[in-house]
Amino acid sequence: LRAYLQAGGMANTRAAFALLAGRPAAGLAAPALLPQRGLYLPGAPALFANAQDLARWTGAQGDKRPAVALLLHRYHFVHGATAWIDDWLGRFERQGMLAYAVFSSHLAGDSLAALMEDRPGRLQARIIVNHALLPQAGALQPLFERWGAPVLQTLPYRAGDTASWEASETGL
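On a predicted model such as this, the values are computed, not experimentally measured, just so you know.

### Focus: the side chain of His131
Stage number 1. Inspection of the secondary structure assignment puts His131 in the loop between β6 (127-130) and α7 (137-147).
Stage number 2. Within the structure, His131 has its side chain in polar contact with the side chain of Thr154 (distance 2.5 Å).
Stage number 3. Every residue in contact with His131, bar those within four places of it in the chain, is listed here: Leu70, Leu71, Leu72, Trp84, Trp88, Thr154, Leu155 and Pro156.

Spelled out as structure tokens, the structure:
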């Protein structure tokens, strides 16, 4: 039970509840561990370790669309809260872009470069949309400048739905 709960994610949570309901552990798959960092592309067979793996896979699919990378914290995937991520990525897809999420529990320069470059020094995406807190944002600035891609910063609106945000005097 503990292993399923520590691993997080929807499949592991379902397995934990199955154990609590009395289902034998022998009938359940082993806990699925979520990597500390990776790339998520809806419809792909699995998570990707980095942009190089993603580029190989999309190349084999014949996908040559320009890419947008959505930076996120890993906890969205641990908690299974990905419906809004799929919605965002789908919006970019409908505009003709290859849209994927880059997640990590810690977004820092070296680890971010290793995740997002399809070859040394070259960013795989044409644009970055950041939806993560970046406590070391100043340290990332040289990396973003080297890549030369636009970085758009987003903020969640936590005081209601879309209509509330649109009507709010404090919304951006």
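Having seen the structure, we can now continue with the description.
### Focus on the packing of aromatic side chains
Stage number 1. Summed over all chains, the structure comprises five aromatic pairs.
Stage number 2. Where Tyr40 meets Phe77, the ring centres are 5.3 Å apart and the plane angle is 65°; that geometry is what we call edge-to-face. Of this pair, Tyr40 sits in strand β1 (residues 37-40) while Phe77 is found in helix α4 (residues 75-78), placing the two residues 37 residues apart along the sequence.
Stage number 3. Tyr40 gets classed as buried once you look at its relative accessible area, which sits at 17%.
Stage number 4. Residues Trp84 and Trp88 carry aromatic rings whose centres are separated by 5.4 Å and whose planes lie at 90° to one another, so their mutual orientation is edge-to-face. Of the two residues, Trp84 and Trp88 are both situated in helix α5 (residues 83-94); the distance of four residues between them amounts to about one turn of the helix.
Stage number 5. Grouped by ring-pair contacts, the aromatic residues Tyr40, Phe77 and Phe103 constitute a single cluster.

### A look at the pairing of strand β2 (residues 67-73)
Stage number 1. Of all the seven residues making up β2, six are buried; the element is thus mostly covered by neighbouring parts of the structure.
Stage number 2. When β2 meets strand β3 (residues 98-104), the two strands line up parallel, connected through seven bridges. Within the sheet, the bridge partner assigned to Val68 lies in β3 and is Ala99.
Stage number 3. Bridging between β2 and β6 involves four bridges; their strand directions are parallel. Looking at the pairing, Leu71 lines up with Asn130 of β6.

### Quick word on the pattern of salt bridges
Stage number 1. For the structure on display, the rule yields six salt bridges.
Stage number 2. Between Arg56 and Asp53 there is a salt bridge, and its shortest N-O distance comes to 2.4 Å. Placement of both Arg56 and Asp53 in helix α3 (residues 51-61) is noted, with a separation of three residues, approximately one turn of the helix.
Stage number 3. Across the salt bridge formed by Arg91 and Asp87, the nearest N and O atoms sit 3.0 Å from each other.

### As for the sheet that holds β3
Stage number 1. The five strands lie next to each other as β1-β3-β2-β6-β7, forming an open sheet whose pairing is mixed. Among the strands making up the open sheet, the edge pair consists of β1 and β7 (151-153). The sheet shows a mean angle of 20° between the axes of neighbouring strands, direction not considered.

### Description of the environment of Tyr75
Stage number 1. As for its position among the elements, Tyr75 is in helix α4.
Stage number 2. The exposure class of Tyr75 is partly exposed, given its relative accessible area of 38%.
Stage number 3. Distance in space between the C-alpha atoms of Tyr75 and Thr162 is 23 Å, their sequence separation being 87 residues.

### Quick word on the side chain of Thr82
Stage number 1. Secondary-structure assignment places Thr82 in the loop between α4 and α5.
Stage number 2. The exposure class assigned to Thr82 is buried, which follows from its relative accessible area of 19%.
Stage number 3. For Thr82, the residues in contact, after removing those within four places along its chain, are His76 and Phe77.

Analysis parameters
Residues numbered from 1 in each chain as written. Predicted model: local features only at pLDDT ≥ 70, side-chain atom pairs only at ≥ 80, totals over all residues. Heavy atoms only, no water. Helix = DSSP H or I, 4+ residues; strand = E, 2+ residues; numbered from the N terminus. Polar contact = N/O pair within 3.5 Å; in protein donor to acceptor, adjacent residues only side chain to side chain. Contact = heavy atoms within 4.5 Å. Phe/Tyr/Trp six-rings, centres within 6.5 Å; stacked < 30°, edge-to-face > 60°. Buried < 20%, exposed > 50% of the residue type's maximum accessible area, 1.4 Å probe, protein only. Pairing = 2+ DSSP bridges. Salt bridge = Lys/Arg side-chain N within 4 Å of Asp/Glu carboxyl O. Axes fitted to C-alpha atoms, helices over the stretch in contact; angles between N-to-C directions.

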